[in-house]
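Letter by letter, the chains look like this.
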Amino acid sequence: MYAWIWRHLPGPLAVRVLTAIVLIAGVIALLMFVIFPAIEPSLPFNQVTTE
Amino acid sequence: MASDPPPEQPPAKKPGVGVKIARGVGEVLVTLGIVILLFVFYVLYVTNWMSAGKQAEATDKLDDKWRNERALNPEPLAGESFARLYIPSFGVDYKYAIQEGTGTESLDLGPGHYTGTAMPGEPGNFAIAGHRDGKGAPFNDLDLLESCDSIIAETADSFYVYRVLPKKEEVGHWANGPGKRPLCGKVQPLRAPDAPDGGLYGDTYGQEIVDPSQGEVINPIPNRPEDAAPPAQQAALLTLTTCHPRFSDRERLIIHAVLVKQYAKAEGKSGELPKEMTEAQG
């Protein structure tokens, strides 16, 4: 999978490395700001009130 | 995460389909592992940073509000900050703006007040919920509170000093043992010694661990029906709730405290703090 992505990145080595870093940062940002906050409320230790 | 560039010369033998599938599955599993580690990092650190920012904003807004309008707004809107919580035994810098309501939006900022329960200083039960893990974890150390530790609520015009009630195992020998500590001067068990069930406050102790369904702990008189006694007969209590054990929602940890003192803020002098603020019990 990663080898396949790497082979399809355009440009010389330096550009590819930069693109790869941007891609990784983008995925991490997506996880931290969108996906994790969305699934987090269902974690058990967020229930702090009595019913 | 990117792998090395492919070698310059093509490999002697092309990998078969099985090898390709195994490699793909392996990469997916490694990726999932990294995502889960990132999630742990998010829960333990990133939520704290986000909440710290929101809490600081809420504190600033509260300061502005108190500076600008001295008139009390008795009914804060949902999510609005209206009071400040201090627990001196957790450190002199322990202070949190309390928001109205116990929804996600309130609790993301800091402790949240159960809507409909008493306000600070009122007879009844001023009940607050807070996170124990992540989101700033204001109630992380609630299990370390001892009887007689002070919990202070600050409103626009007053400080209300509450002290943690005697714990269940201390009630029996309170007057001869734990109750003699200097901080405990005004703290007495609320149980009626003559009544077999302890009277109205027979089930009110400094700390209890209950089932999540036991909403009665935040009733005006804890663990008694809502209408057990008119407000005139109710003590002014403060109740803190959080999850228990840590990282679990199996139970709830409950702290009950009783109002022992009240300071009116001098007009225009908000810098004056009650002396209880600096006490730290070992």
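What you see is a predicted model, and the numbers here were worked out from it, not measured in a lab.

Each helix and strand in chain B was counted, giving 3 helices and 9 strands. The globule rule puts the C-alpha radius of gyration for 282 residues at 19 Å, and the 25 Å found for chain B is more than 25% above it. Among the 282 residues that make up chain B, the fraction classed as buried is 36%. Once local pairs closer than 6 in sequence are excluded, the contacts in chain B between residues at least 24 apart make up 56%.

Contacts between the two partners involve 21 residues from chain A and, on the opposite side, 35 residues from chain B. Those elements that provide at least two residues to the side of chain A that touches chain B are helix 1 (2–8) and helix 2 (13–39) of chain A. Per-class residue counts for the side of chain A that touches chain B are 14 nonpolar, 4 polar and 3 charged.

Geometry of a packed helix pair, given as the angle between the helix axes and the separation of the axes. Close contact between helix 2 of chain A and helix 1 (residues 17–68) of chain B brings their axes to 11 Å; oriented N to C, the two are set at 60°. Viewed along their axes, helix 2 of chain A and helix 1 of chain B adopt a mutual orientation that is oblique. In terms of crossing hand, the pair formed by helix 2 of chain A and helix 1 of chain B is right-handed. The residues of helix 1 of chain B that touch helix 2 of chain A, namely those facing Ile28, Leu31, Met32 and Phe36 of chain A, are Val35, Leu38, Phe39, Tyr42 and Val46 of chain B. Here the residues of the contact of helix 2 of chain A with helix 1 of chain B sort into 9 nonpolar, no polar and no charged.

Now for unusual backbone geometry. All names here are of chain B. The linkage connecting His244 with the following residue, Pro245, adopts the cis geometry, with an omega of -10°. Relative to the helices and strands, Pro245 resides in the loop between strand 8 (236–244) and strand 9 (251–264). At Lys135, a position not held by glycine, the phi torsion is positive, near 55°. Tracing the sequence through the fold places Lys135 in the loop between strand 4 (124–129) and strand 5 (150–154). The class of Lys135 is buried, set by 25 C-beta atoms lying within 10 Å.

A few words on the UniProt feature "active site" (unreviewed entry) in chain B. Residues given the UniProt feature "active site" (unreviewed entry) here are His131 and Cys243 of chain B. A maximum C-alpha distance of 7.3 Å is found for the annotated residues, which run over 113 residues; spatially they form one tight group. Mapped onto the fold, His131 of chain B is located in the loop between strand 4 and strand 5. When the 25 C-beta atoms within 10 Å are taken as the criterion, His131 of chain B is described as buried. In contact with His131 of chain B, other than residues within four places in its own chain, are Asn46 and Val48 of chain A together with Leu107, Gly136, Ala137, Pro138, Phe139 and Thr242 of chain B. You can see Cys243 of chain B is positioned in strand 8. Those residues in contact with Cys243 of chain B that sit more than four places away from it in its chain are Phe45, Gln47 and Val48 of chain A together with Arg132, Ser248, Asp249 and Arg252 of chain B.

This part takes up the environment of Arg16 of chain A. Residue and element names in this part refer to chain A. Of note, Arg16 is situated in helix 2. Given 18 C-beta atoms within 10 Å, Arg16 falls into the partly exposed group. The spacing of Arg16 and Trp6 is 10 residues in sequence and 7.6 Å in space, taken between C-alpha atoms. Setting aside its immediate chain neighbours within four residues, Arg16 contacts Leu9 and Gly11.

Reading the values: rules and limits
- Residues numbered from 1 in each chain as written.
- Chains lettered and ligands numbered in written order.
- Predicted model: local features only at pLDDT ≥ 70, side-chain atom pairs only at ≥ 80, totals over all residues.
- Helix = DSSP H or I, 4+ residues; strand = E, 2+ residues; numbered from the N terminus.
- Rg over C-alpha atoms; globule rule 2.2 N^0.38 Å.
- Buried ≥ 20, exposed ≤ 12 C-beta atoms within 10 Å, placed from the backbone.
- Contact = placed C-beta atoms within 7 Å.
- Nonpolar A, V, L, I, M, F, W, Y, C, P; charged D, E, K, R; others polar.
- Axes fitted to C-alpha atoms, helices over the stretch in contact; angles between N-to-C directions.
- Parallel < 35°, antiparallel > 145°, perpendicular 65-115°, else oblique.
- Left-handed = near helix turned anticlockwise from the far one by under 90°.
- UniProt positions renumbered as here; feature names shortened; annotations may be inferred.

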